[in-house]
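Descriptive structure summary
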Amino acid sequence: MRKRREGNELSLAFLDVICCGFGAIILLLMITKISLPEILEVTLEEIAAMIAKRQDEIEKIIGETEVLERTRIETESNLEDELIQLAKLQEELFELTSRHESVLNLTVAQESQRADLTRAQQSLTEEMIRLLGPEFQRRNNTIGGIAVDSEYIIFVIDTSGSMQTFAWPSVVKKLQEVLEIYPVVKGMQVMNDMGDYMFPQFRGEWLEDTMVRRRQIMQRLRTWRIQSNSSPVEGIREAIDTYYDPNKKVSIYVFGDDFQGESVEYVVDQVDLVNRKDMEGDCRMRIHGVGFPVYMDPTRMQWQTLQYTLLMRQLTVRNCGTFVGLASLD
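Analysis parameters
- Residues numbered from 1 in each chain as written.
- Predicted model: local features only at pLDDT ≥ 70, side-chain atom pairs only at ≥ 80, totals over all residues.
- Heavy atoms only, no water.
- Phe/Tyr/Trp six-rings, centres within 6.5 Å; stacked < 30°, edge-to-face > 60°.
- Helix = DSSP H or I, 4+ residues; strand = E, 2+ residues; numbered from the N terminus.
- Buried < 20%, exposed > 50% of the residue type's maximum accessible area, 1.4 Å probe, protein only.
- Core = buried A, V, L, I, M, F, W, Y, C linked by side-chain atoms within 4.5 Å.
- Contact = heavy atoms within 4.5 Å.
- Pairing = 2+ DSSP bridges.
- Axes fitted to C-alpha atoms, helices over the stretch in contact; angles between N-to-C directions.
- Salt bridge = Lys/Arg side-chain N within 4 Å of Asp/Glu carboxyl O.
- Parallel < 35°, antiparallel > 145°, perpendicular 65-115°, else oblique.
- pLDDT = per-residue confidence, 0-100.
- Polar contact = N/O pair within 3.5 Å; in protein donor to acceptor, adjacent residues only side chain to side chain.
- Right-handed = clockwise from strand over helix to strand, strands pointing away.

What about the packing of aromatic side chains?
Scanning the model with the defined rule gives seven aromatic pairs in all. For the pair Tyr152 and Trp206, a centre-to-centre distance of 4.7 Å together with 40° between the ring planes defines the contact as tilted. Residue Tyr152 is found in strand 3 (residues 152-157), and its partner Trp206 is found in the loop between strand 4 (187-192) and helix 5 (211-222); the two are separated by 54 residues along the sequence. Judged by its relative accessible area of 10%, Tyr152 is buried. You can call Trp206 partly exposed: its relative accessible area is 24%.

Shown next as structure tokens:
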């Protein structure tokens, strides 16, 4: 009986151990199955939150980029407007500086004007009073035969190769001399024989007469290189068509050495149609001509040179002006 009982107890103990082992395994499986989904679910939520956060940051960066791009475009636009405004201010400063310098030199200019007007009026000397009488007066204010009663002056200058090569120092000198007989005018303009302006930004306008502007004209003239067909017709037409005003006295000075056109008569007739005389027979726009003797050598005299002389002679006579043919380029 004791042996049978010991055998049964051993069997029960073994079964207990086996059951406990299976129970432990089942408990482990249950713990593992419960915990694994919880851990996985938390990880997915964190990933989703991180993705959402990254998307928000990306959208924020895109928004800031758009703002910066708009700011850049606005800044460039404002910069362009400011540059334009700066250019205008610089031009105004230049004009104010010119006027200031003109005021500073007013006394000198007045003295020069008085001297030039004295020459222009050709006041009677004692000898003239004795010969002509104290009541004698000149009908026109002229210097060297050229009337200087105009308020506005326009230069039409032949910039062809022959003029540039042989006559240019003389051109610079003669333009300076013409300016000196007009101490003060209300406006001036400079173009070449084809009607191209020395200062294109002032096309169709009058240049203000200041000491600074006169120096600029002389400085620019010394190095002015521009295409030319060696015919003053286009420049004269541009001057008359653009600046003719029945209420203004204008003098056109034509500098050249030859004429490449075909008909002198046609040009003269066309000018007559535009530059009509008033009731007293005076021209509102005088045309003066200066001929530079580039082709005065008989061995190379050209027909175009004779044509230019004939053209300017007719234009000046019929338009109240004077033609001066220089004897030499010196």
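Let us keep going from here.
Some remarks on the nonpolar core
Counting residues in each nonpolar core, the largest one holds 32 residues, and the members touching the most others are Phe155, Ile157, Val171, Leu175, Leu221 and Phe255. Of all the secondary-structure elements, those providing two or more residues to this core are strand 3, helix 4 (161-180), strand 4, helix 5 and strand 5 (250-256). By residue number, the principal contributor to this core is helix 4, which donates eight residues. Contact partners of Val171, with chain neighbours within four places excluded, come to Ile157, Met163, Leu221, Phe255 and Phe292. Counting 25 residues, the second-largest nonpolar core is a separate cluster that includes Tyr243, Val267, Met312 and Leu315.

With respect to the sheet that holds strand 5
Strands belonging to one sheet form pairs held by backbone hydrogen bonds; the direction of such a pair is parallel or antiparallel. The five strands lie next to each other as 4-3-5-6-7, forming an open sheet whose pairing is parallel. Each edge of the sheet is formed by a strand with only one pairing partner; in this case those strands are strand 4 and strand 7 (323-325). If you compare each strand with its neighbour and ignore which way they point, the axes differ by 15° on average. Sheet topology places strand 3 next to strand 5; six bridges connect them, and they run parallel.

Re the pattern of salt bridges
All told, the structure shown has nine salt bridges when counted by the stated rule. Linking Lys174 and Glu177 is a salt bridge whose minimum nitrogen-to-oxygen distance equals 3.4 Å. Of the two residues, Lys174 and Glu177 both sit in helix 4, three residues apart, roughly one turn of that helix. Through salt bridges that share partners, Glu69, Arg72 and Glu76 make up one connected network.

Notes on the packing of helix 6 (residues 233-243) against helix 7 (residues 264-274)
Taken N-terminus to C-terminus, the directions of helix 6 and helix 7 make an angle of 5°; their axes are 11 Å apart at the nearest point. In this view, helix 6 runs roughly parallel relative to helix 7, as classed from their interaxial angle. On the side of helix 6, the interface is formed by Val233, Ile236, Arg237, Ile240 and Asp241, while helix 7 contributes Tyr266, Val267, Gln270, Val271 and Val274.

Overview of the confidence of the model for the protein chain
In the predicted model, the protein chain carries a mean pLDDT of 78, and 76% of its residues have values of at least 70. pLDDT under 50 marks residues 35-40. Its contacts with residues more than four places away, or in other chains, come to one contact. Confidence drops under a pLDDT of 50 for residues 120-133, and excluding neighbours within four residues, the segment shows 16 contacts in the predicted structure.

Remarks on the side chain of Gln164
Here Gln164 shows up in helix 4. At a separation of 2.9 Å, a polar atom in the side chain of Gln164 contacts the main-chain carbonyl oxygen of Trp224. Here Gln164 is in contact with Thr159, Trp224 and Arg225, once residues within four sequence places are set aside.

Some thoughts on the pairing of strand 3
On a regular strand, each side chain points to the face opposite its neighbour's, so the side chains alternate between the two faces of the sheet. With six of six residues buried, strand 3 lies mostly within the body of the structure. Of the two faces of strand 3, both are covered, the one formed by Tyr152, Ile154 and Val156 as well as the one formed by Ile153, Phe155 and Ile157. Relative to strand 4, strand 3 is paired through six bridges, and the arrangement is parallel. Across the sheet, residue Tyr152 finds its bridge partner in strand 4, namely Gly187. Following the chain from strand 3 across helix 4 to the adjacent parallel strand 4, one finds a crossover that is right-handed.

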